[in-house]
Amino acid sequence: MKNLRFSKEHHNYLKKYNTKKILTIITQIALLVIFLTAWELLTRFEIISFFFFSSPSKICKTISELYTSGELWYHSRITLSETLIGFFIASSVGFVVAMILWYRDFLRNVLEPYLVVLNSLPKIALGPIIIIWFGAGNKAIIFMCILIVIIVTIMNILNSFTSCDEQLINLAKTLGANKFQIFFKLVLPNSLKDIVSTLKINVGLSWIGAIMGEYLVSKAGLGYLLIYGGQVFNLNLVMTSTVILCVLACLMYFAVALFEKFIAKFFRY
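Not measured: the values here are computed from a predicted model.

Definitions and limits used
Residues numbered from 1 in each chain as written. Predicted model: local features only at pLDDT ≥ 70, side-chain atom pairs only at ≥ 80, totals over all residues. Heavy atoms only, no water. 1 Å grid on protein atoms, 1.4 Å probe; cavity = no way out; pocket = protein on both sides within 12 Å on 5 of 7 lines; lining within 4 Å. Points joined across faces, edges and corners; volume = space filled by probe spheres on them. Helix = DSSP H or I, 4+ residues; strand = E, 2+ residues; numbered from the N terminus. Nonpolar A, V, L, I, M, F, W, Y, C, P; charged D, E, K, R; others polar. Patch = residues over 30% accessible without salt bridge, like charges linked within 9 Å, V, L, I, M, F, W, Y side chains within 5 Å. Areas by Shrake-Rupley, 256 points an atom, 1.4 Å probe, with all protein chains shown as cover. Salt bridge = Lys/Arg side-chain N within 4 Å of Asp/Glu carboxyl O. Expected span 1.5 Å × (residues − 1). Bend = angle between axes of the 7 residues up to and from the residue. Core = buried A, V, L, I, M, F, W, Y, C linked by side-chain atoms within 4.5 Å. Buried < 20%, exposed > 50% of the residue type's maximum accessible area, 1.4 Å probe, protein only. Contact = heavy atoms within 4.5 Å. Lys, Arg positive; Asp, Glu negative; His and termini not counted. Axes fitted to C-alpha atoms, helices over the stretch in contact; angles between N-to-C directions. Left-handed = near helix turned anticlockwise from the far one by under 90°. Phe/Tyr/Trp six-rings, centres within 6.5 Å; stacked < 30°, edge-to-face > 60°. Lys NZ or Arg CZ within 6 Å of the ring centre and 35° of its normal.

A. Quick look at empty space enclosed by the protein. This model, assessed by the stated rule, comprises 1 cavity of 30 Å³ or more. By volume, the largest cavity amounts to about 30 Å³. Every residue along the wall of the largest cavity is listed here: Gly-127, Ile-130, Ile-131, Ala-140, Ile-141, Met-144, Gly-213, Leu-216 and Val-217. When contributions to the lining of the largest cavity are tallied by element, the ones reaching two or more residues are α6 (127-134), α7 (138-162) and α9 (179-217). Its residues assigned to classes, the lining of the largest cavity comprises 7 nonpolar, 2 polar and no charged.

Right, here's the structure in full:
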């Protein structure tokens, strides 16, 4: 096979694109370094109080202490497992429910107002009920996570399903396609981008649900460390827990982004 040759204009475009991409990454790293350096210097020269704001060096020291004692992996593992279980259950069940509601128009029209009401309801208000139902343990935390994620998943995916071009659906019907074929050949491929976008939203919501659940009933986890650190005015522990949460959330988001690339390559959208 002969080597593919690109035009000079295309080569220049790729060069500019790669340069811009590298420049963006360098700028992002530089901003982070500047922020952390300024934060450290402000606390070192006592312009701001490390008691109230902590500092990068103290956060690193706290992480080292938690790692040495084994608490870092213990609490991170608990919160991460609760978040992942809630994320996968809520996302999968939400997708199936959205598919059923798309398939059954009457059922969708009946349940849609209830979904809107449930979505607007502050989930923290259901905390006492959840504790009574599931007890003060991991089940209650996971259910809180599912409750926060699942309604948003159903509404977003259902809205994507129903926004499919009606003319294409009518054309498929005239060609003899049934509703099952219309869904998998037309509606689902058209909704893949929105489904992946919903998964990205669910990453943040699942962490919110897990931490909110740990605020209510946890005896371990990063949410527990946040509460404990606040109660004893240990801002180093609070900021350290927050940093660990940010890192884990970013890793989970990047995993979904990799899944998006796989889906895009597989379905070529």
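Now that the structure is up, let's keep going.
B. Structural context of the layout of surface pockets. Looking at the largest pocket, its volume works out to about 420 Å³. If you go around the largest pocket, you meet 23 residues; those closest to its centre are Ser-91, Ile-195, Leu-199, Phe-259 and Ile-263. At the level of secondary structure, the elements contributing two or more residues to the lining of the largest pocket comprise α4 (71-103), α7, α9 and α11 (235-267). With 9 residues, α9 is the largest single contributor of residues to the lining of the largest pocket. Residue composition of the lining of the largest pocket, by class: 18 nonpolar, 5 polar and no charged.

C. Looking closely at a nonpolar patch on the surface. On the surface, Val-96, Ile-100, Phe-106, Leu-107, Val-110, Leu-111 and Tyr-114 cluster together to form a nonpolar patch covering roughly 650 Å² of accessible area. Contributing elements (two or more residues each) for the nonpolar patch: α4 and α5 (105-120). Looking at the nonpolar patch, the element that brings in the most residues is α5, giving 5 residues. Assignment of secondary structure puts Val-96 in helix α4.

D. Fine view of α5. Compared with the 22 Å implied by 1.5 Å per residue over 16 residues, the 23 Å span of α5 between its first and last C-alpha is a close match. Considering bend angle alone, the principal kink of α5 is centred on Leu-111 and spans about 40°; proline Pro-113 follows within four residues of it.

E. Inspection of the nonpolar core at higher detail. Membership of the largest hydrophobic core comes to 32 residues, with the highest contact counts inside it found for Trp-102, Ile-150, Phe-161, Ile-169, Ile-182, Phe-183 and Val-187. Taken together, the elements giving at least two residues each to this core come down to α4, α7, α8 (166-174) and α9. Once residues lying within four places of it in the same chain are set aside, the contact partners of Phe-183 are Phe-95, Met-99, Trp-102, Phe-161, Leu-188 and Pro-189. Within the second largest apolar cluster, 17 residues are counted, among which are Leu-72, Trp-207, Leu-222 and Leu-248.

F. Molecular detail of the side chain of Glu-82. Along the chain, Glu-82 turns up in helix α4. This buried residue, Glu-82, is left without a salt bridge; Arg-77 holds the nearest opposite charge, at 10 Å. When neighbours within four sequence positions are excluded, Glu-82 is seen to be in contact with Asn-138, Ile-141, Ile-142, Cys-145 and Glu-214.

G. Here's a closer look at the packing of α4 against α7. Close contact between α4 and α7 brings their axes to 7 Å; oriented N to C, the two are set at 35°. Considering how the two elements wind past one another, α4 and α7 form a crossing that is right-handed. Across the contact of α4 with α7, the residue classes tally to 21 nonpolar, 7 polar and 1 charged.

H. Structural context of the packing of aromatic side chains. Counted according to the given criterion, the structure contains 13 aromatic pairs. Pairing Tyr-67 with Trp-73 gives two aromatic rings, centres 6.1 Å apart and planes at 75°, and the pair type is edge-to-face. Each ring, one from Phe-95 and one from Phe-161, has its centre 6.0 Å from the other, and the planes form 80°; the classification is edge-to-face. With Phe-95 in helix α4 and Phe-161 in helix α7, the pair connects residues that are 66 residues apart, well separated along the chain. Members of the aromatic cluster, joined through ring pairs, are Phe-95, Trp-102, Phe-161, Phe-180, Phe-183 and Phe-184. Taking NZ or CZ as reference, Lys-179 lies 5.3 Å from the ring centre of Trp-102, over its face. Here the basic side chain of Lys-179 rests over the ring of Tyr-103, its NZ or CZ set 5.6 Å away from the ring centre.

I. Summary view of the pattern of salt bridges. Per the stated rule, a full pass over the model turns up 4 salt bridges. Among the salt bridges present, the one from Lys-200 reaches Glu-260, with a minimum N-O distance of 2.7 Å. Here Lys-200, found in helix α9, pairs with Glu-260, found in helix α11; they are 60 residues apart in sequence, far enough to count as distant. Note on Lys-200: relative accessible area 22%, which makes it partly exposed. Several salt bridges share partner residues, and in doing so they unite Asp-105, Arg-108 and Lys-179 into one network.

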